[in-house]
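Okay, here's what each chain looks like letter by letter:
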Amino acid sequence: LPGHAAFKVFMTDYENYAGIFTCQKLPVGAHRQSATILSRSKDLDRAYVEKIRNRLQAAGINIFDLSIINQSNCPKLSDSPRINIDIDPGKF
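Description of the structure in this document. (Residues numbered from 1 in each chain as written. Predicted model: local features only at pLDDT ≥ 70, side-chain atom pairs only at ≥ 80, totals over all residues. Heavy atoms only, no water.)

What about the overall build of the protein?
Operational definition: To qualify as a helix, a DSSP run of H or I must reach at least 4 residues; to qualify as a strand, a run of E must reach at least 2; elements of each kind are numbered from the N terminus. Throughout, exposure labels follow a simple rule: accessible area from a 1.4 Å probe, protein chains only, divided by the maximum for the residue type, with under 20% read as buried, over 50% as exposed, and the rest as partly exposed. Should any heavy atoms of two residues lie within 4.5 Å, those residues are considered in contact. Residue exposure ignores everything except the shown protein chains as possible cover, and the areas themselves are Shrake-Rupley values with a 1.4 Å probe.
Within the protein, the secondary structure is distributed over 1 helix and 3 strands. Moving toward the C terminus, one meets the helices and strands of the protein in the order β-β-β-α. A buried classification covers 15% of the 92 residues belonging to the protein. A separation threshold of at least 6 residues defines the contact pool for the protein, and within that pool the share at least 24 residues apart is 28%. Only carbon and sulfur atoms are counted for the fraction: they give 53% of the accessible area of the protein, which is about 7,800 Å².

Below is the structure:
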């Protein structure tokens, strides 16, 4: 399906971080791959970041292609308007 994406959690400690790999089919017949490091805090401990980067490098991914997104100016959830996330129970 165009726009379809598959997500694989390749690494997590279930408390602080998760590393996910995404492969997305694009409408033009090409694929886009990406790796993302998710954190429960704005500043993930450097040791976790290095651990995930090492795993990515071992899989042949050039870690210098990754972008760092500064989270320091993100509002706290309590500072934001109430967020309503609607999950379709038919999909889960």
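Remarks on helix 1 (residues 46-58)
So the rule is basically this: Here the expected span of a helix is defined as 1.5 Å times the quantity of residues minus one. Pairs of N or O atoms are called polar contacts if they sit within 3.5 Å, as long as, within protein, a hydrogen donor faces a hydrogen acceptor (for residues adjacent in sequence, only side-chain-to-side-chain pairs).
The terminal C-alpha atoms of helix 1, which comprises 13 residues, lie 18 Å apart, in line with the 18 Å expected from a rise of 1.5 Å per residue. Tucked inside the fold, the buried residues of helix 1 contact strand 1 (5-12), strand 2 (17-25) and strand 3 (31-39). The opening residue of helix 1, the one whose side-chain oxygen lies 2.8 Å from the backbone nitrogen of A47, is D45. With its phi angle positive at about 85°, G60 sits one or two positions after the end of helix 1.

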